[in-house]
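Chains, contacts and geometry: an overview
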Amino acid sequence: ITVTDQQPDLCAVTDKTIVGNMMEVCTMLPEKSVDLIIADPPYNLTKSFNGTVFAKKKADEYEEYTRQWLNLVKPLLKDNGSIYVCCDWETSLIIGKVLSEFFYVRNRITWQREKGRGAKANWKNGMEDIWFATKSSDYVFNLDAVRIRKKVIAPYRVDGKPKDWNETEHGNYRDTCPSNFWDDITIPFWSMAENTAHPTQKSEKLIAKIMLASSSEGDIVLDPFLGSGTTSVVAKKLHRHYVGIEIEQQYCVWAEQ
């Protein structure tokens, strides 16, 4: 759909893919209407998105670009809402700084890409960052939904009973708190059902970890740079509602498919 008028509420755009420039669309959405924002803005690289080229900017220009779009999405977030921003190592230096001007920065997640560009005169780029921030000190974090199950190699007992671990006939395990380093994410390959031709597609598992932790069923998730539509798909699978904004019509089609 397209949005050309001020929206009194999200009824007309909930669970919809909006084709348009997020800089324009966000100004027409109601304030304090979404529970979670997951943003994957263009990294500061010269890259073609279906023929539309995002040209690499000087650091101060990219900083101002980041400031502009954060200024537009902040009013849309509820007071107890959270925002996650994806970036590479280079733009991470800028985004972390600017994000702290608008929100309370809680953490920087680093996730390990299964593949990355080779480099003859530098280290191979195999990591990306996701900044986690909140609008206030009152925010959702569903720890039990994202705990990591690990095998207990050296079981510690007190009075003969397991201490902070579980003993079963299938093995010993402990459900631990998740860290800010994620090494279990797979990039969508051509053979995977979720794969599209989008050049920078994020995987469903990556977005699911964020959504499970920082939203609840029935919440509304906004993705202002929707891309291939991963956020919308994951929201639907996890019984959340979504609002996706994407400037390229072809990507909107893929998202709907």
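Below is a short write-up of the structure. All figures in this text were calculated on a predicted structure; none of them were measured in a lab.

What counts and how
- Residues numbered from 1 in each chain as written.
- Predicted model: local features only at pLDDT ≥ 70, side-chain atom pairs only at ≥ 80, totals over all residues.
- Heavy atoms only, no water.
- Helix = DSSP H or I, 4+ residues; strand = E, 2+ residues; numbered from the N terminus.
- Rg over C-alpha atoms; globule rule 2.2 N^0.38 Å.
- Buried < 20%, exposed > 50% of the residue type's maximum accessible area, 1.4 Å probe, protein only.
- Contact = heavy atoms within 4.5 Å.
- Areas by Shrake-Rupley, 256 points an atom, 1.4 Å probe, with all protein chains shown as cover.
- Salt bridge = Lys/Arg side-chain N within 4 Å of Asp/Glu carboxyl O.
- Core = buried A, V, L, I, M, F, W, Y, C linked by side-chain atoms within 4.5 Å.
- Phe/Tyr/Trp six-rings, centres within 6.5 Å; stacked < 30°, edge-to-face > 60°.
- Pairing = 2+ DSSP bridges.
- Axes fitted to C-alpha atoms, helices over the stretch in contact; angles between N-to-C directions.

Considering the overall build of the chain
Summing up its helical and strand segments, the chain has six helices and 15 strands in all. Relative to the 2.2 N^0.38 estimate, which gives 18 Å for 257 residues, the radius of gyration of the chain is 20 Å and therefore close to what a compact globule would have. Its C-alpha atoms give the chain principal-axis dimensions of roughly 65 × 50 × 40 Å. Of all 257 residues assigned to the chain, the portion counted as buried reaches 46%. Long-range pairs, those at least 24 residues apart, make up 66% of the contacts in the chain between residues at least 6 apart in sequence. Counting every atom, the chain has about 13,800 Å² of accessible surface; 49% of that belongs to carbon and sulfur.

Quick word on the environment of Ala12
For Ala12, the location among the structural elements is in the segment before strand 1 (16–19). Overall, the relative accessible area of 45% leaves Ala12 in the partly exposed class. Linking Ala12 and Val140, residues 128 residues apart in sequence, is a C-alpha distance of 26 Å. In this structure, Ala12 is in contact with Ile1 and Gln7, ignoring residues within four places of it in sequence.

Section: the pattern of salt bridges
Evaluated as defined, the whole model comprises 15 salt bridges. Linking Glu128 and Lys202 is a salt bridge whose minimum nitrogen-to-oxygen distance equals 3.8 Å. Here Glu128, found in strand 7 (residues 127–134), pairs with Lys202, found in the loop between strand 13 (181–182) and helix 4 (204–214); they are 74 residues apart in sequence, far enough to count as distant. Here the two residues Glu128 and Lys202 agree in accessibility, since each one is buried. A salt bridge links Asp184 to Lys205; the nearest nitrogen and oxygen atoms lie 3.5 Å apart. Residue Asp184 is found in the loop between strand 13 and helix 4, and its partner Lys205 is found in helix 4; the two are separated by 21 residues along the sequence. By relative accessible area, which is 44% here, Lys205 ends up partly exposed. Connected through shared salt-bridge partners, Glu63, Glu64, Arg67, Lys97 and Glu101 make up one network.

Observations concerning the nonpolar core
If you look at the biggest cluster of nonpolar residues, it comprises 39 residues, and the most contacted ones within it are Trp69, Leu70 and Ile83. Elements that contribute at least two residues to this core include exactly helix 1 (22–25), strand 2 (34–39), helix 2 (59–73), strand 5 (77–87), helix 3 (89–102), strand 7, strand 14 (220–223) and strand 15 (241–246). Not counting the four nearest positions on each side in its chain, Leu70 is found in contact with Ile83, Val98, Leu99, Phe102 and Phe103. Listed in part, the 22 residues of the second largest apolar core include Ile109, Leu206, Ile207 and Ile210.

Concerning the packing of aromatic side chains
Inspection of every chain in the model, using the stated rule, returns six aromatic pairs. Judged by centre distance (6.1 Å) and plane angle (75°), the rings of Phe132 and Tyr139 are edge-to-face. For Tyr139, a relative accessible area of 31% corresponds to the partly exposed category. Among the aromatic residues, those joined into a cluster by ring pairs are Tyr84, Phe132, Tyr139 and Phe141.

Here we look at the sheet that holds strand 2
What links the strands of a sheet is backbone hydrogen bonding, and the strands pair in either a parallel or an antiparallel sense. Read from one edge to the other, the open sheet built from eight strands follows the order 1-15-14-2-5-7-6-13, with strand pairing classed as mixed. Looking at the sheet topology across the chains shown, the edges are occupied by strand 1 and strand 13. Packing against the sheet, helix 2 makes contact with strand 2 and strand 5, and its axis sits at approximately 150° to strand 5. Its contacts with the sheet place helix 5 (residues 230–237) against strand 2, strand 14 and strand 15, and it is angled at close to 170° to strand 15.

Focus: the sheet that holds strand 11 (residues 166–168)
Spatially, three strands are ordered 8-12-11 in an open sheet, and the strand pairing comes out antiparallel. Here the strands that pair on one side only, and so sit at the sheet edges, are strand 8 (148–151) and strand 11. Geometrically, the sheet is characterised by an average inter-axis angle of 35° between neighbouring strands, direction not taken into account.

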